[in-house]
Each structure stands twice: as C-alpha cells, then as structure tokens.
Amino acid sequence: METTGLRDRLMDGLDRFGAAMRAEVRRTVASRGLNSAQDAILRMLLARPAGLRVQALAEHLGVRQPTVTGSVIALERKGLVCRRADPADARATIVKVTPEARAQPAAAVPSLAAAALADLSEAEQASLLKTLIKLIRTLQLRHAIPPQRLCVTCKYFRPNVHPEAAEPHHCAFVDAPFGNRALRLDCGEHEQAGAPEMARNWNAFMTPAPPWRSGHDIFLAGRVVGSGGQMPFSGGRAEPVRGHSTRGRRRSPAPNRCSGSHANRLFACKGDIHAKSEPC
Ligand code: SF4
C-alpha cells in the first residue's frame, strides 16, 4: 500500500490550510495594531491567568527566547502585558496580561477558515478534532512540543463512560458528561495525568466500550474499591459515585460549569468550561 504519497499530500494540504489561516490572522491582527507573534502571545496568556515565563512562552510558540522578549516588550509598551518576579523563583520573570488586555474584544476567529470548517458536517468536524488531538498528542509524546492541556492527557478525563453516543465522556472536574465535539485542546482546568493513567485513558478513548457494560455509571469518579486506585474499566470493584448512581440519569450542570457570567473572553463560551480569571 502506498502511504508515503498520501502522507505527502496530507502534509501539503495541512500546510496550505495553515498558510491561509496565518495570512488571514496577519491581516486581522494588523488592524488591531499587533503582529502575529504579539497576537499569539496575548492569546496564550489570556488562557493562562497565572502568567507564563518567557522561556515557556518561547517553547509553546516554537520560537527563540529573544523573539518572545522583543514581542513582550512591545506588548508591555501597549499596556497589554506586565512582567512580575516569579514567586517560585525570584530570578525568573512571569509575563501576565493586564486588565486592559482582558477588556479588549476577543480576537475574531479567521473567517475564511471558519467558513471552510462550517462546510464540514458536525460528524466530520468532530472526527477532524479527534484526529488533530491524536496528532498533537503524538508530537507531545515525542517531546516535539511542550505539554499541551488536552482532555486526553488530563487526570479528570473519563473516556467513554456514558451510554449516550453524543456525550460518552465525563469530566470529573465539573462532574459532567461531554462529547467528542467538546474535547479541549487547551483547558485552563487541565491537570496532567500520570503516565499509566494517561495510557489507560487513551486506550479507552480510542476503543469505545461496547454498549453498555454493566455498572458503567459506577466508574464515573475514577474510584475503584479494592484495586489500588485503578482507573475505569480496569476490572476492579467500583464504588458508586455519590449522587451519580442511577443508570441513565444525567446530573444537572456542575456548579463550575459556565453560567455565562465569565470574565475570560478568550473562549467563545457556550456553557463550556473555561479558565478562571486572575488580576495582573
Ligand atoms: S474539560 Fe478540562 S478539566 Fe475536564 S477533562 Fe478536559 S482538560 Fe480536564
């Protein structure tokens, strides 16, 4: 089977789509008095209210530290970021967005790319998201990119634990079900899972359980009695989750699921989970 040619064509396609998006972003951010690097830094920091070190910014953006330093200085002059000593290490500096940056209207999503994606069906979009997550996870495992805040690497992720096809996964942070279309690529509430837990979750994510295993709902807290804290579907005897023990019954939205009164406007929030805001 010829796979090299296919991979070449995929690389070519991804490159063309990325180039079109980057060109549009350049045009859009120029109208806001920014360049692409400054816009990328701002978006990265808006999703991280606690701020980031310059070195971490450079790693996330895949550029050299002096490049980030130059952009940070320019953003500081515009009053959009501030630099503070890192409480964890007085020699290091943390860069954070200012209240002025948070008050600015959210950057527009590139309309050409959005229009092209809108031409895909819902199922195609969800499938594409799952494929992108797989690619990003592979890059992370190969240490080609810094750790990303993906659902599939999060300790709160419980893949394929609900019988509903539209929302088979569970987020233990907000204690609510969600579907592939809501899988996060950069979640403010993400906490890195341990390697064994991540591997088990990945297997469960890629191989959905047959409908429907007896007692699926008792796994929802990821708590298994008498099995040394094994994760869901690991075969131990599970303890029912408080308030979550009736098969087929859905919980009401968790208290920290967004009520619409959020301060962080980076995410186009539609009752989705989002990062908490923190003053500069
Ligand atoms: S939504 Fe956030 S907190 Fe919940 S599983 Fe995904 S990354 Fe983790």
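Since we're looking at a predicted model, the values are computed, not measured. Chains are numbered independently. Their residues run from 1 in the order of the written sequence. Local features in a predicted model are, by the rule used here, given only for residues with pLDDT of at least 70; side-chain atom pairs are given and counted only at 80 or more, and totals for whole chains, interfaces and linings are based on all residues.

Details of the overall build of the protein chain
Every helix listed is a DSSP run of H or I at least four residues long, and every strand listed is a run of E at least two residues long, numbered separately from the N terminus. Per the secondary structure count, the protein chain includes eight helices and eight strands. Relative to its 280 residues, the protein chain shows a buried fraction of 24%. With C-beta atoms placed from the backbone, a contact is any residue pair whose C-beta atoms sit within 7 Å. Look at the contacts in the protein chain between residues 6 or more apart in sequence, and 53% of them connect residues 24 or more apart. Labels follow a simple rule on C-beta atoms placed from the backbone: if 20 or more others lie within 10 Å of a residue's own, it is buried; if 12 or fewer, it is exposed; otherwise it is partly exposed.

Brief notes about the sheet that holds strand β4 (residues 157-158)
Strands are labelled as partners when DSSP assigns at least two bridges between them. Spatially, β4-β5-β6 is the arrangement adopted by the three strands of the open sheet, whose pairing is antiparallel. At either margin of the open sheet sits one strand with a lone partner, and together these are β4 and β6 (176-178). Summarising the sheet, strand β5 (residues 169-171) and β6 pair through three bridges and their orientation is antiparallel. Pairing of H169 across the sheet is with F178, part of β6.

A look at the site of the ligand
Each residue gets a C-beta atom placed from its backbone. Should that atom fall within 6 Å of a molecule or strand, the residue is termed near it. The environment of the ligand is formed by eleven residues, the closest being C151, C154, C171, F173 and C187. Residues are sorted three ways: Asp, Glu, Lys and Arg are charged, Ala, Val, Leu, Ile, Met, Phe, Trp, Tyr, Cys and Pro are nonpolar, and all the rest, Gly among them, are polar. Of the residues in the shell around the ligand, the class split is eight nonpolar, one polar and two charged.

Re the sheet that holds strand β2 (residues 81-86)
Pairing is antiparallel across the open sheet formed by three strands, whose spatial order is β1-β3-β2. Single-partner strands in this sheet number two, and they are β1 (52-53) and β2. The sheet contact formed by β2 and strand β3 (residues 89-97) spans six bridges and is antiparallel. Bridged to R84 within β3 is I94. Relative to β3, helix α2 (residues 36-46) is tilted by about 100 degrees, and along the sheet it contacts β1, β2 and β3. Angles run from 0 to 180 degrees between N-to-C directions of axes, and those axes are lines fitted to C-alpha atoms, restricted for helices to the stretch in contact.

Some points on the nonpolar core
Structurally, a nonpolar core is described as a collection of buried Ala, Val, Leu, Ile, Met, Phe, Trp, Tyr and Cys residues joined by way of C-beta atoms within 7 Å. Among the nonpolar cores identified, the biggest contains 16 residues, and I41, L42, L45, V72, V81 and V95 are the most heavily contacted of them. Of all the elements in the fold, those that place two or more residues in this core are α2, α3 (54-61), α4 (65-77) and β3. Ranked by residues supplied to this core, first place goes to α2 with five residues. Core analysis: the next-biggest nonpolar cluster, separate from the first, contains 15 residues, F157, F178, L183 and M198 among them.

Examining the confidence of the model for the protein chain
Every residue is assigned a pLDDT by the predictor, reflecting its confidence on a scale from 0 to 100. Here the protein chain shows a mean pLDDT of 77. Residues at 70 or above account for 72%. Here residues 214-280 is a poorly scored stretch, pLDDT under 50, and it has 109 contacts once near neighbours within four places are set aside; other chains count.

Considerations on the environment of L61
Along the chain, L61 falls in helix α3. Once residues within four sequence positions are removed from consideration, L61 is found in contact with A40, M44 and V68.

Focus: α4
In a regular helix each residue adds 1.5 Å, so 13 residues correspond to 18 Å; α4 covers 18 Å between its end C-alpha atoms and thus fits that length. Of all the positions in α4, only V68, S71, V72 and L75 are classed as buried. Within α4, the buried residues cover an arc of 105 degrees as seen down the axis, which keeps them to one side. Summarising the geometry of α4, the exposed residues directed more than 90 degrees from the buried face are P66, I73 and R77. Packing partners of the buried residues in α4 comprise α2, α3, β2 and β3. G79 sits one or two residues past α4 and shows a positive phi near 75 degrees. Multiplying 1.5 Å by the residue count of a helix minus one yields the expected span of that helix. What the arc measures is the spread of directions leading from the helix axis to the C-beta atoms.

A word on the pairing of β3
Remark: a regular strand shows side chains that alternate across the two faces of the sheet. Taken together, the two bridges between β1 and β3 define a ladder with antiparallel strand orientation. Counterpart to L52 in the pairing with β3 is V95.

Looking at unusual backbone geometry
Although it is not a glycine, H143 sits at a positive phi angle of roughly 60 degrees. In this structure, H143 sits in the loop between α7 (122-141) and β4. Within the chain, N160 stands out as a residue other than glycine whose phi angle is a positive 55 degrees. By the element assignment, N160 lies in the loop between β4 and β5.

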